[in-house]
Amino acid sequence: MSTAKPEDKKITTHTLQEMKKRSEKISMLTAYDYSVARILDDAGIDVLLVGDSASNVMAGHETTLPITLDQMIYHASSVIRAIRRALVVVDLPFGSYQGNSKEALNSSIRIMKESGAHAVKMEGGIEIKDSIERILSAGIPVMGHLGLTPQSIYKFGTYVVRAKEKSEAQRLIEDAHLLSDIGCFALVLEKIPAQLAEQVAREIKIPVIGIGAGNGVDGQVLVFHDMVGITHEFHPRFLRRYMNLYDDIKAATEKYIGDVKSMNFPNEKEQY
Ligand code: KIV
């Protein structure tokens, strides 16, 4: 079990590239606040993603669309204050980069300047090529995201597995090559067939990090709240729950309520 120490070397985009070369798998989880980010960093996580899934799990929205750039910067700043070792990547939220490349660059600069994050992540392939290139030319590392891209949920209409059809798979392969060739440092592949993800990871030179994309990729990412079972009504096949915190927190809260009502808390030792 790895436990990060303060003297441990910081993870950079270069580190991830080296990990791919020596076939060492990359671990990535989402984080949106200081306290959780501190625990995950101390545990030795390689990459923390300040995902726009904060819109769902932190704010309770049905989709990732409502979260704003200001809100992402707030979450990212909290995470950055906690970490000593992990690479921190921040999602550019819906509406902050699709308009044009200048807007995309300005949004990325705000994230980097105001939160101190290390990189940004963007959903899409050839249709956002100009924006990615402009951000990269400013020296900001970009992580790509293909497959199921939740910011386009109203175009897809559903969260089912993507790229099962040959034509969509072919387009995804081309987009993955493009993102690698123009200089993205890594790529997330979400909810696509494992064989396709493995092929992409084999063919492109940058690390491929999967979520619902099988074991043949260079690393894995999960939403932290799903991984520890705080969210409990979400059961996709790809999710492995390592804890059941929903039940534990609920039971602890019920016990606390009981103790307060019965005046069992606080006791004599718990007062001044
Ligand atoms: O926002 C997010 O949490 C993500 C992961 C699912 C990769 O983009």
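Anything mentioned here points back to the structure above.
Source: prediction; values computed, not measured.

Chemist: Looking at this structure, I do not really get the overall build of the chain. What am I missing?
Modeler: Scanning the chain from terminus to terminus reveals 11 helices and eight strands. Taking 19 Å as the expected radius of gyration for a compact globule of 272 residues, we find that the chain reaches 20 Å, a close match to that expectation. Each of the three principal axes of the chain carries a C-alpha extent, and together these read 65 × 40 × 40 Å. By residue count, 49% of the 272 residues in the chain fall in the buried class. Sequence-distant contacts, at least 24 apart, represent 59% of the contacts inside the chain between residues at least 6 apart. Looking at the chain as shown, the accessible area adds up to about 14,300 Å², and 54% of this sits on carbon and sulfur atoms. Each charge class in the chain was averaged separately, 32 positive and 35 negative side chains, and the resulting centres sit 3 Å apart.

Chemist: I tried to follow the pairing of strand β2 (residues 47–50) on my own but got confused; where do I start?
Modeler: Walk down a regular strand and you will see the side chains alternate between the two sheet faces. Neither face of β2 is exposed, since V47 and L49 on one face and L48 and V50 on the opposite face are all buried. Strand direction decides the pairing type here: strand β1 (residues 26–30) and β2, joined by three bridges, are parallel. Residue T30 lies in a different strand from β2, and its bridge partner there is L49. Handedness of the β1-helix α2 (residues 34–43)-β2 crossover: right-handed. With four bridges connecting them, β2 and strand β3 (residues 87–91) associate as parallel partners. In the strand pairing of β3, L49 is matched with V89.

Chemist: Whenever I open this one, the pattern of salt bridges confuses me. Can you help?
Modeler: Between side chains of opposite charge, a pair can form when the charged atoms approach closely. Here the structure, examined in full by the defined rule, presents 14 salt bridges. The closest approach of N and O atoms between K21 and E18, which form a salt bridge, is 3.4 Å. With K21 and E18 both in helix α1 (residues 13–21) and three residues apart, the pair spans about one turn of that helix. Of the charged contacts, one joins K255 and D259 as a salt bridge, the two residues approaching to 3.7 Å between their closest N and O atoms. Taken together, the residues span about one helical turn, with K255 and D259 both in helix α11 (residues 245–261) at a distance of four residues. The class of K255 is exposed, set by a relative accessible area of 54%. Several salt bridges converge on common partners, so that one network encompasses D70, R110 and E114.

Chemist: Would you explain unusual backbone geometry in this entry?
Modeler: Trans peptide bonds make up the majority, and among non-glycine residues the majority have a negative phi. Across the junction of F265 and P266, the peptide omega takes the value -5°, indicating a cis bond. Inspection of the secondary structure assignment puts P266 in the segment after α11. Of note in this structure, S23 is not a glycine but carries a positive phi near 55°. Mapped onto the secondary structure, S23 falls in the loop between α1 and β1. A positive phi angle, near 60°, is found at M263, a position not held by glycine. Here M263 shows up in the segment after α11. Residue M263 is classed as exposed on the basis of its relative accessible area of 70%.

Chemist: For this particular structure, what's the right way to read a nonpolar patch on the surface?
Modeler: Judged by side-chain polarity, Y256, I257, V260 and F265 come together as a nonpolar surface patch covering roughly 360 Å² of accessible area. Looking at the element boundaries, Y256 is found in helix α11. Taking the relative accessible area as the measure of exposure, Y256 reaches 47% and is therefore partly exposed.

Cut-offs applied
- Residues numbered from 1 in each chain as written.
- Predicted model: local features only at pLDDT ≥ 70, side-chain atom pairs only at ≥ 80, totals over all residues.
- Heavy atoms only, no water.
- Helix = DSSP H or I, 4+ residues; strand = E, 2+ residues; numbered from the N terminus.
- Rg over C-alpha atoms; globule rule 2.2 N^0.38 Å.
- Buried < 20%, exposed > 50% of the residue type's maximum accessible area, 1.4 Å probe, protein only.
- Contact = heavy atoms within 4.5 Å.
- Areas by Shrake-Rupley, 256 points an atom, 1.4 Å probe, with all protein chains shown as cover.
- Lys, Arg positive; Asp, Glu negative; His and termini not counted.
- Charge placed at Lys NZ, Arg CZ, Asp CG, Glu CD.
- Pairing = 2+ DSSP bridges.
- Right-handed = clockwise from strand over helix to strand, strands pointing away.
- Salt bridge = Lys/Arg side-chain N within 4 Å of Asp/Glu carboxyl O.
- Patch = residues over 30% accessible without salt bridge, like charges linked within 9 Å, V, L, I, M, F, W, Y side chains within 5 Å.

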